[in-house]
Amino acid sequence: MALKLFNTLTRSVQEFAPLDPAGKEVGMYCCGPTVYDYAHIGNWRTFVFADLVRRTLEFSGYEVTHVMNITDVEDKIIKRVRENKTTLREFTSKYETAFLDDLKALGCREPHQNPRATEYIAEIIALIEKLIARGIAYKANDGSVYFSITKYQGCGCHYGQLLKLNLDEMRAGERVASDEYEKESVADFALWKARVPDDGDIFWPSPFGEGRPGWHIECSAMSIKALGETFDLHLGGEDLKFPHHEDEIAQSEAATGRPFVKYWLHGAHLLVEGKKMSKSLGNFFTLRDLLAKGFTGREVRYLLLTAHYRETFNFTLDGLSGAKTALARIDECVGKLRVIADNTTAAPEAKLVEQFSLALADDLNMSAAWGEVFKWVTETNKRMADNSLNASTAAASLAAWGKMDLVLGVGTKGEADVPAEILALAAARTTAKQARDFKRADEIRAELKAQGWVIEDLPKGIKFKKI
Ligand SMILES: [Zn+2]
């Protein structure tokens with residue numbers, strides 16, 4: 001069953017087909033955090049969504065290169081560095097570390113690359129030079145370099161690929177130096193911002209004079225460097241569609257002359273307790289605020305994953321309590337199955353995994369996917385109540401949960417001994433052995449070893465040992 005996703009570029013649900021002719025490798029870029037504070041729950045919805053996309057692609061057999069940048073130079077950051085009388089690196093590294101810790105607490109797989117904007121200044125400058133050479137960027141009297149929307153359109157390029165822009169009603173032709181500007185304006189945006197006194201010692205030399213990059217060009221430079229001029233997937237929150245993503249497309253396609261990204265995926269907003277999050281309403285939460293209230297990253301992840309990514313989601317503390325109850329149901333069921341299976345291993349129950357895969361393939365229909373999980377819990381509980389589950393059926397059921405959890409990433413409480421991914425690999429090895437594919441079985445054994453696990457075949461089942 002082919003994976004279908006909603007592509008903002010075509011405004012339609014499309015079958016996913018990677019650019020790789022072998023159909024295997026996938027490049028995926030997600031706009032990362034601007035590290036001037038702790039990320040809030042609205043930000044986390046986007047990052048958990050990116051993790052879901054990555055896990056779904058990996059579950060579907062693709063080899064994903066997941067890149068998420070760290071924006072470590074930007075207007076707000078510079079303001080705070082000055083207010084706190086610290087250095088750029090000292091200030092941003094505190095929030096970068098916190099971000100990566102929180103990402104882990106939410107069960108997200110760490111991106112393969114987390115490029116920092118300040119370490120890509122040479123690539124950013126090279127990209128701007130290309131745009132100047134093509135006559136699409138220009139140096140203005142204020143010393144900054146701007147991208148000309150008019151020149152871009154004059155080359156037959158389309159500005160407004162991700163959303164319909166009424167260019168006549170918008171204030172085209174203005175210049176905007178700020179990283180955050182009115183969404184209603186279609187203005188020439190800054191690629192390179194000339195050094196001003198407020199920047200203090202935060203600036204870099206360049207052929208256009210001392211200054212620093214604009215936010216949009218950073219993402220173009222880092223994504224192209226990591227994934228090539230054209231890559232498969234670009235993700236972000238829907239608030240980034242315009243101007244950030246639209247400007248990324250314009251800069252990148254103007255510089256390379258090639259299509260930038262095949263599929264653009266956007267996650268919807270989040271409300272908290274029915275309202276737009278704001279500090280004054282008392283409904284503004286970082287992950288740390290929620291952990292301090294006694295909730296876990298696992299519960300937050302579960303709740304964020306219950307909604308469809310394209311629907312506005314109302315995040316509530318009651319919802320989090322509900323997440324606790326729901327996860328406890330899964331934990332109890334898995335715990336009992338483990339007792340029955342008693343170290344027996346089996347191939348995953350195919351029907352269950354298939355139903356779950358179908359839900360995912362349908363543009364990540366999570367309510368249907370969780371529906372399959374809880375239907376399984378209910379049926380399993382029934383079968384356990386009437387003693388109709390033997391060890392191998394219980395093992396097949398557990399292996400199926402292990403497979404599904406490769407995507408869900410919530411694990412099971414008290415499971416520290418053998419992670420779900422290792423259980424799934426062991427189950428795959430059992431399947432290979434049953435099919436007399438001993439070469440594959442050996443490969444999986446080597447893979448397990450590479451991940452730090454040795455397995456021993458016992459008459460009753462498999463024994464796992466951590467190296
Ligand atoms: Zn970005």
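The rules we used
- Residues numbered from 1 in each chain as written.
- Predicted model: local features only at pLDDT ≥ 70, side-chain atom pairs only at ≥ 80, totals over all residues.
- Heavy atoms only, no water.
- Buried < 20%, exposed > 50% of the residue type's maximum accessible area, 1.4 Å probe, protein only.
- Helix = DSSP H or I, 4+ residues; strand = E, 2+ residues; numbered from the N terminus.
- Pairing = 2+ DSSP bridges.
- Axes fitted to C-alpha atoms, helices over the stretch in contact; angles between N-to-C directions.
- Parallel < 35°, antiparallel > 145°, perpendicular 65-115°, else oblique.
- Contact = heavy atoms within 4.5 Å.
- Nonpolar A, V, L, I, M, F, W, Y, C, P; charged D, E, K, R; others polar.
- Donors = N, O, S within 2.8 Å, 3.2 Å for Na, K, Ca; no water.
- Right-handed = clockwise from strand over helix to strand, strands pointing away.
- Polar contact = N/O pair within 3.5 Å; in protein donor to acceptor, adjacent residues only side chain to side chain.
- Phe/Tyr/Trp six-rings, centres within 6.5 Å; stacked < 30°, edge-to-face > 60°.
- Lys NZ or Arg CZ within 6 Å of the ring centre and 35° of its normal.

J.: How should the pairing of strand 8 (residues 188-194) be read in this particular structure?
T.: A regular strand places its side chains so that they alternate between the two faces of the sheet. Taken across its seven residues, strand 8 has seven buried, putting it largely inside the fold. Note: strand 6 (residues 145-147) against strand 8, three bridges, orientation antiparallel. Following the sheet pairing, Y146 is matched in strand 8 by A190. Two elements, strand 7 (residues 175-176) and strand 8, share two bridges in a ladder whose sense is parallel.

J.: Would you explain the packing of helix 1 (residues 41-59) against helix 13 (residues 391-408) in this entry?
T.: Working note: a packed helix pair is described by the angle between its axes plus the distance between those axes. For the pair helix 1 and helix 13, the least separation of the axes is 7 Å and the interaxial angle reads 140 degrees. In terms of orientation, helix 1 lies oblique with respect to helix 13. Contact residues: helix 1 offers L52, R55, T56 and F59, while helix 13 offers K403, D405, L406 and V407. Across the contact of helix 1 with helix 13, the residue classes break down as four nonpolar, one polar and three charged.

J.: Whenever I open this one, the coordination of the zinc ion confuses me. Can you help?
T.: Angles between donor atoms at a metal ideally measure 109.5 degrees for a four-coordinate tetrahedral arrangement and either 90 or 180 degrees for a six-coordinate octahedral one. Listed as protein donors to the zinc ion are C31 (SG), C219 (SG) and H244 (NE2); their distances from the metal cover 2.0 to 2.2 Å. Taken in sequence order, the residues that donate to the zinc ion follow the motif C-x187-C-x24-H. Separated by 213 residues along the polypeptide, C31 in the loop between strand 3 (25-30) and helix 1 and H244 in helix 7 (residues 241-256) bring together distant segments of the chain.

J.: Is there a simple way to think about the sheet that holds strand 12 (residues 270-272) in this case?
T.: Hydrogen bonding along the main chain pairs the strands of a sheet, whether they run parallel or antiparallel. Read across the sheet, three strands follow the order 13-12-14 without closing on themselves; strand pairing throughout is mixed. Edge strands, defined here as strands with exactly one partner in the open sheet, are strand 13 (275-276) and strand 14 (313-315). Where strand 12 lies against strand 13, two bridges are found, and the strand directions are antiparallel. Residue pairing in the sheet places V272 in a bridge with K275 of strand 13.

J.: Teacher, can you tell me more about unusual backbone geometry here?
T.: Negative phi values dominate among residues other than glycine, just as trans dominates among peptide bonds. That bond from F242 to P243 is cis: its omega, 5 degrees, falls within 30 degrees of zero. Phi is positive for N343, close to 70 degrees, though the residue is something other than glycine. Structurally, N343 can be placed in the loop between helix 10 (317-341) and helix 11 (350-361). With a phi close to 55 degrees, L364 is a non-glycine residue in the positive phi region. Along the polypeptide, L364 turns up in the loop between helix 11 and helix 12 (366-385).

J.: How do you make sense of the pairing of strand 10 (residues 231-237) when you look at a structure like this?
T.: In terms of residue burial, strand 10 counts as a mostly covered element, since seven of its seven residues are buried. Note that strand 3 and strand 10 share three bridges and pair parallel. Bridge assignment links C30 to a residue of strand 10, and that residue is L235. Taken together, the six bridges between strand 10 and strand 11 (residues 261-267) define a ladder with parallel strand orientation. Paired with L235 across the strands is L265, a residue of strand 11. Between the parallel elements strand 10 and strand 11, the chain passes through helix 7 in a crossover that is right-handed.

J.: Mind showing me how you'd approach the sheet that holds strand 10 here?
T.: Strand order in this open sheet of four strands is 4-3-10-11, and the pairing throughout is parallel. The open sheet terminates on both sides in strands that have one partner only, identified here as strand 4 (63-68) and strand 11. Sheet twist, expressed as the average angle between the axes of neighbouring strands with direction ignored, equals 20 degrees.

J.: Can you help me understand the environment of R116 in this one?
T.: Residue placement: R116 occurs in the loop between helix 3 (88-105) and helix 4 (121-133). Judged by relative accessible area, R116 falls into the buried class, the value being 18%. For R116, the residues in contact, after removing those within four places along its chain, are I70, D72, R89, E96 and M222. Within polar-contact distance, the side chain of R116 engages the side chain of E96 at 2.7 Å.

J.: Is there a simple way to explain the environment of D188 in this structure?
T.: The residue D188 is located in strand 8 in this model. With 61 residues separating them along the chain, D188 and L127 place their C-alpha atoms 17 Å apart. Looking at D188, its side chain comes within polar contact range of the side chain of Y138, at 2.8 Å. Reaching out from D188, the side chain makes a polar contact with the backbone nitrogen of I149 at a distance of 3.1 Å.

J.: For this particular structure, what's the right way to read the packing of aromatic side chains?
T.: The description of an aromatic ring pair rests on the distance of the ring centres and on the angle between the ring planes. Taken as a whole, this structure holds 20 aromatic pairs when the rule is applied. Here the aromatic rings of Y29 and F231 are separated by 6.4 Å at their centres, their planes lie at 55 degrees, and the arrangement is tilted. Of the two residues, Y29 is situated in strand 3 and F231 in strand 10; the sequence distance between them amounts to 202 residues. Relative accessible area serves as the criterion here: at 0%, Y29 is assigned to the buried category. A ring pair is formed by W44 and F99, whose centres lie 4.9 Å apart and whose planes are at 15 degrees; its orientation type is stacked. Of this pair, W44 sits in helix 1 while F99 sits in helix 3, and the two are 55 residues apart along the sequence. For the pair W44 and F99, one class covers both residues: buried. An aromatic cluster is built from Y29, F231, F260 and W264, whose rings are joined through pairwise contacts. The cationic tip of R195 hangs over the ring face of F203; the distance from NZ or CZ to the ring centre is 3.7 Å.

Keep in mind these values describe shape, not function.
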